[in-house]
Number of protein chains: 2
Amino acid sequence: MARVLTPRAEDFPRWYQDVIAKAQLADNGPVRGTMVIRPTGYAIWERMQAEMDARIKAAGSENAYFPLFIPESYLRREAEHVEGFSPELAVVTHGGGKQLAEPVVVRPTSETVIGEFMAKWVDSYRDLPLLLNQWANVVRWELRPRVFLRTSEFLWQEGHTAHATEADARAYARKILHEVYEDFMVGVLGIPVLVGRKTAGERFAGATNTYTLEGMMGDGKALQMGTSHELGQNFARAFDITYSSATGGVEHAWTTSWGTSTRMLGGLIMCHGDDNGLRVPPRLAPVQAHVMIVKDGDGGALGSVAGAASKLRDALRDAGVRVGFDDRVDTPFGRRAVDAELKGYPVRVEVGPRDLAAGNAVLVRRTDGSKTPVAVPDVVASVLAALEADQQALYDEALKLRLDRTVTVGTLADAIEASATGWASVPWSEVGPAGEKEANGQGVTVRCL
Amino acid sequence: MARVLTPRAEDFPRWYQDVIAKAQLADNGPVRGTMVIRPTGYAIWERMQAEMDARIKAAGSENAYFPLFIPESYLRREAEHVEGFSPELAVVTHGGGKQLAEPVVVRPTSETVIGEFMAKWVDSYRDLPLLLNQWANVVRWELRPRVFLRTSEFLWQEGHTAHATEADARAYARKILHEVYEDFMVGVLGIPVLVGRKTAGERFAGATNTYTLEGMMGDGKALQMGTSHELGQNFARAFDITYSSATGGVEHAWTTSWGTSTRMLGGLIMCHGDDNGLRVPPRLAPVQAHVMIVKDGDGGALGSVAGAASKLRDALRDAGVRVGFDDRVDTPFGRRAVDAELKGYPVRVEVGPRDLAAGNAVLVRRTDGSKTPVAVPDVVASVLAALEADQQALYDEALKLRLDRTVTVGTLADAIEASATGWASVPWSEVGPAGEKEANGQGVTVRCL
Ligand SMILES: [Zn+2]
Ligand SMILES: [Zn+2]
């Protein structure tokens, strides 16, 4: 097989770009830093959304939609916040054919506008907690864009909640962290994320506490997969989110915010991809089993290849499997097989005249590359077993990498050295804010406490 | 009951605004013309999306995502198109802290950027048809905004497809019109839309043919609920979407585009709403049956009110009903009942100690306002029957209004007169482009051929 992708060991960032292009996941948009998410990539994002959205709703949050445009003055209201964002803002100065009296900003996050409406909607303690989420696009001008990882526009969900007490806000920020994010990332994405807190220096502007989920990518580096913030009463003070308590006093609410984005697509590629392309964990995959006609023909007792393949597709679908179907026999089979590898379908069911005459289809597992002839009546059970096993196998492989590439050290110097090839676990007492600055100076970040 | 809403007969536009505010469907955003879609409104939009998305996928289109920002030069490429949009554009002049070399436009539609990428992706006739859809926000600066109906930012789906032949493009534009839009609007929204073509004067800029679906609102006026366009080879020429045919020649593709938006929420309100608020058709409703505890207490043989209500909720859920639950007994029941009316839940199941002691819950149907005691073991069956019947009843009521308010006339003058209170059906031969101009001058539009 001709080399389709740059091998990971040769140039990991180049391999990443190759996968995105060859698997047709995304393209660069015409405005620098933007992206076009192609159907193959978007179908994975839709699956991420569906799984996350169900968990967000189960955690009690409701979806809403807030405007794309935010008055510039809103961002100034929370000084710390605007400092964090102003170099990244896209500003609309003209609308409806003329210059605007007040320029408007394209939302870099909806914190401020949601804060404004929370203040309108919250009156008494009976209105709390107020638990909101939105799925939206946001814009943060990016000077060194990389598709899915750092783009000027990206898609995300942002949760914003208001609570009567600090304890309730903290419990909810942690509920989202564990029951939504960790549960999804571990159980569906198959990524053994490290879950913990950020240092004061790495926190979200205005947060009193930031929780993070960090995944180890195939090159041993960390990717922040999601964050959940306690915002104390900072936002409530800036936006006047107050409530009358049961005892009659007026109090500021305690707020949280939490987000995950299309960056998870980048994490998926870099955590599970191999030198043949993407590998999508079965529970996530939009196409779990891809039925392919190798070539048309007669399969003896089992009838025509096309007929047998259609029957297998239907039987898999009836068993609850998400099925793809490839009958493009006028395209060489080798090319189609490479494409299926690139796109990372967990299982391929290849149906051709020779195997079918022997009563078999061939089951190809993307995780380990194994090819096994399976008697046609056993295909559904074999596919279900393979999907189950390979979800676990991908997780185990990622966990093994993380454990192999994480060393426990006693000093900051050793931690910085170890971070050249992976992660280092070091007592925070050995680092501290001064040590963190020193590490940052050498391109090393403290990811997770 | 105190008057909650302005009656429709008194001031229909005011009633519409009242419903949106009192049912907590939406608020005006801080930037003029934008809107905040609140959880009650957004849950309905999510149901619209789910129903539409399933039909769009069944019609063979795949979802993708294209960037929010479009280079200004793209819009100039299709002269007719930019003319249609330029007064509505929002323009970003600053990004990343400095002035941009080329201003970018916030998409008013993605026609142009999708055209650009279709040109990259389409090579041979084997790549056709290319069937794409996206769910996104778009911006068209609006000087006279009305929530859901005309907002500067709105949410929509826009489909864009490329085909090898005019016949195939036409068939697909009509497939979407009938199998996606009409099927959804009639079968789920319960709106007896009139389906037909627009006059040349009312067509989308650049289209060779525009199909439309028009709903009659409670005031007898028409609302355009969706459109599907044949674009001929106009866009393909402007964006160089060419393909090599089976016989080796190079041809321009034939394209279509089609869209529906959050304006459908406005149509829903104005078609089915009454003087007590919204009425949501059961098949659409995020909450189909709302179980309410009237007040706590003992229900005799059937146990506690809270226990019996929870059991009913679970039994309804198990029967596949989307269920709401209201146990806020510290809020007066009357207030909660008015709120449920406003939000238009199709069926309420009210559980209180007195009825429960007699073995009953009370079934309240939003469509006709009827209140019926139902023996607890029969509640699930009664709810299912009511949901089925009231889906039909809302449709029948809307159809009756449309028929009552549509007159068939023979001349343009009669048609203009009739349009003061409803619709007029008149032979196009009596109108023509000149008659259309005359009608427009008197505030009357030719909606549908
Ligand atoms: Zn802040
Ligand atoms: Zn045009």
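Remember, predicted model here, so these are calculated numbers, not experimental data.

Some details on the overall build of chain A
Step number 1: Helix and strand counts for chain A stand at 14 helices and 21 strands.
Step number 2: Rg of the C-alpha trace for chain A: 25 Å, near the compact-globule value of 22 Å for 449 residues, within the 12% margin.
Step number 3: Taken over the C-alpha atoms alone, chain A extends approximately 80 × 55 × 50 Å along its principal axes.
Step number 4: In chain A, buried positions account for 56% of the 449 residues.
Step number 5: Sequence-distant contacts in chain A: of pairs separated by 6 or more residues, those separated by 24 or more amount to 67%.
Step number 6: Split by element, the accessible area of chain A, about 18000 Å² in all, is 49% carbon and sulfur.
Step number 7: If the 49 positive side-chain charges of chain A are averaged to one point and the 57 negative ones to another, these points end up 4 Å apart.

Thoughts on the pattern of salt bridges
Step number 1: Taken as a whole and assessed by the stated rule, the structure comprises 50 salt bridges over all chains.
Step number 2: Linking A:R447 and A:E214 is a salt bridge whose minimum nitrogen-to-oxygen distance equals 2.8 Å. On the criterion of sequence distance, the pair formed by A:R447 in the segment after α14 (432–441) and A:E214 in strand β10 (residues 209–216) is long-range, its members being 233 residues apart.
Step number 3: With relative accessibility at 26%, the residue A:R447 sits in the partly exposed group.
Step number 4: Under the relative-accessibility criterion, A:E214 is labelled buried at 1%.
Step number 5: With its nearest N and O atoms 3.5 Å apart, the salt bridge here joins B:R8 to B:D275. Residue B:R8 is located in the segment before α1 (12–22), and its partner B:D275 is located in the loop between α8 (263–272) and β15 (289–293); the two are separated by 267 residues in the primary sequence.
Step number 6: Residue B:R8 is classed as partly exposed on the basis of its relative accessible area of 28%.
Step number 7: Take B:D275: its relative accessible area is 37%, and that puts it in the partly exposed class.
Step number 8: Through salt bridges with shared partners, a single ionic network connects A:R47, A:E51, A:R55 and A:D183.

Here we look at the packing of α1(B) against α8(B)
Residues and elements named next belong to chain B.
Step number 1: Look at α1 against α8: their axes get within 11 Å of each other, and the N-to-C directions meet at 115 degrees. Classified by the interaxial angle, the pair formed by α1 and α8 is roughly perpendicular. Along this stretch, α1 crosses α8, giving a crossing that reads as right-handed. Between α1 and α8, the residues in contact are F12, W15, Y16, V19 and I20 and G266, I269 and M270, respectively.
Step number 2: Residues that form the contact of α1 with α8 fall into these classes: 7 nonpolar, 1 polar and no charged.

As for the side chain of B:R279
All names here are of chain B.
Step number 1: Here R279 is to be found in the loop between α8 and β15.
Step number 2: Reaching out from R279, the side chain makes a polar contact with the backbone oxygen of H272 at a distance of 2.7 Å.
Step number 3: Polar side-chain contacts of R279 include one of 3.0 Å to the backbone oxygen of T367.
Step number 4: Those residues in contact with R279, other than ones at most four positions away along the chain, are H272, G273, D274, G344, R366, T367, L394 and E397.

Side note on the sheet that holds strand β5 (residues 90–95) of chain A
Step number 1: Taken together, 6 strands build an open sheet; the order of strands is β4(A)-β6(A)-β5(A)-β5(B)-β6(B)-β4(B) and the sheet is antiparallel. A single partner strand is all that each edge strand has here, and the edge strands are β4 (69–71) of chain A together with β4 (69–71) of chain B. Across this sheet, the average inter-strand angle for adjacent strands is 45 degrees, counted without regard to direction.

Describing the interface of chain A and chain B
Step number 1: Taken residue by residue, the interface counts 52 residues in chain A and 52 residues in chain B.
Step number 2: In total, about 4200 Å² of surface goes out of reach between chain A and chain B, with carbon and sulfur atoms giving 65% of it.
Step number 3: When the buried surface of chain A facing chain B is broken down by residue, A:P30, A:Y65 and A:F69 rank first, second and third, together holding 15% of it.
Step number 4: Here chain A is connected to chain B by 6 salt bridges.
Step number 5: Of the charged contacts in the structure, one is a salt bridge between A:K120 and B:D27, with a shortest N-O distance of 3.7 Å.
Step number 6: Taken together, the links from chain A to chain B amount to 22 residue pairs in polar contact (both at pLDDT 80 or more).
Step number 7: Ranked by the residues each element gives to the side of chain A that touches chain B, the list is headed by β5(A), at 6 residues.
Step number 8: Residue composition of the side of chain A that touches chain B, by class: 31 nonpolar, 10 polar and 11 charged.

Looking at the relation of the copies chain A and chain B
Step number 1: The transform that puts chain A on chain B rotates by 180 degrees and translates by 0.0 Å along the axis, for an RMSD of 0.0 Å. The two molecules are tied by a two-fold rotation axis, judged by turn and shift. Using C-alpha coordinates, one finds that chain A approaches the rotation axis most closely at A:V92, a distance of 2.1 Å.
Step number 2: Here 100% of the interface residues in chain A have copies in chain B that are interface residues too; the copies meet face to matching face.

Focus: the packing of helix α2 (residues 39–58) of chain A against helix α6 (residues 166–187) of chain A
Residues and elements named next belong to chain A.
Step number 1: It is at 9 Å that the axes of α2 and α6 come closest, and there the two elements cross at 150 degrees. In terms of axis orientation, α2 runs roughly antiparallel to α6. Viewed along their axes, α2 and α6 form a crossing whose handedness is right-handed. In this structure, α2 contributes M48, E51, M52, R55 and I56 to the contact, and α6 contributes E179, V180, Y181, D183 and F184.
Step number 2: Its residues placed into classes, the contact of α2 with α6 shows 6 nonpolar, no polar and 4 charged.

A short note on unusual backbone geometry
Step number 1: The residue after A:L128, namely A:P129, is reached through a cis peptide bond having omega -5 degrees.
Step number 2: Residue placement: A:P129 occurs in the loop between α5 (111–121) and β7 (130–139).
Step number 3: Its identity as a non-glycine residue notwithstanding, A:Q24 has a phi of 55 degrees, on the positive side.
Step number 4: Take A:Q24: its relative accessible area is 32%, and that puts it in the partly exposed class.
Step number 5: Of note, the phi angle at B:D240 is positive, near 60 degrees, even though the residue is not glycine.
Step number 6: With respect to the helices and strands, the residue B:D240 is situated in the loop between α7 (234–239) and β12 (242–244).

Notes on α14(A)
All names here are of chain A.
Step number 1: The complete set of buried residues in α14 reads G432, G435, E436 and A439. End-on, the buried residues of α14 take up no more than an arc of 105 degrees, which puts them together on one face. Within α14, the exposed residues directed more than 90 degrees away from the buried face are P433, A434, K437 and G441.
Step number 2: Among the structural elements, α13 (412–418) are those in contact with the buried residues of α14.

Here's the deal with the packing of aromatic side chains
All names here are of chain A.
Step number 1: Summed over all chains, the structure comprises 20 aromatic pairs over all chains.
Step number 2: Pairing F117 with W121 gives two aromatic rings, centres 5.6 Å apart and planes at 50 degrees, and the pair type is tilted. Of this pair, F117 and W121 both sit in helix α5, 4 residues apart, which is roughly one turn of the helix. With respect to burial, F117 and W121 carry one shared label: buried.
Step number 3: Taken together, a centroid distance of 5.8 Å and an interplanar angle of 85 degrees make the contact between F154 and W156 edge-to-face.

Some thoughts on the sheet that holds strand β15 (residues 289–293) of chain A
Residue and element names in this part refer to chain A.
Step number 1: If you trace the 5 strands from one edge of the open sheet to the other, you get β16-β15-β17-β18-β19, paired in mixed fashion. Edge positions in the open sheet fall to β16 (323–326) and β19 (371–375), since each of these has one partner strand only. Adjacent strand axes in the sheet meet at a mean angle of 25 degrees, parallel and antiparallel pairs treated alike.
Step number 2: Against the sheet, helix α10 (residues 333–343) touches β15, β16 and β17 (347–351), its axis set at about 175 degrees to β15.
Step number 3: Along the sheet, helix α12 (residues 379–404) makes contact with β15, β17, β18 (360–365) and β19, crossing β18 at roughly 5 degrees.

How each quantity is defined
Residues numbered from 1 in each chain as written. Chains lettered and ligands numbered in written order. Predicted model: local features only at pLDDT ≥ 70, side-chain atom pairs only at ≥ 80, totals over all residues. Heavy atoms only, no water. Helix = DSSP H or I, 4+ residues; strand = E, 2+ residues; numbered from the N terminus. Rg over C-alpha atoms; globule rule 2.2 N^0.38 Å. Buried < 20%, exposed > 50% of the residue type's maximum accessible area, 1.4 Å probe, protein only. Contact = heavy atoms within 4.5 Å. Areas by Shrake-Rupley, 256 points an atom, 1.4 Å probe, with all protein chains shown as cover. Lys, Arg positive; Asp, Glu negative; His and termini not counted. Charge placed at Lys NZ, Arg CZ, Asp CG, Glu CD. Salt bridge = Lys/Arg side-chain N within 4 Å of Asp/Glu carboxyl O. Axes fitted to C-alpha atoms, helices over the stretch in contact; angles between N-to-C directions. Parallel < 35°, antiparallel > 145°, perpendicular 65-115°, else oblique. Left-handed = near helix turned anticlockwise from the far one by under 90°. Nonpolar A, V, L, I, M, F, W, Y, C, P; charged D, E, K, R; others polar. Polar contact = N/O pair within 3.5 Å; in protein donor to acceptor, adjacent residues only side chain to side chain. Pairing = 2+ DSSP bridges. Buried area = accessible area lost by both parts, 1.4 Å probe. Least-squares fit on C-alpha atoms with pLDDT ≥ 70 in both. Arc of directions from axis to C-beta. Phe/Tyr/Trp six-rings, centres within 6.5 Å; stacked < 30°, edge-to-face > 60°.

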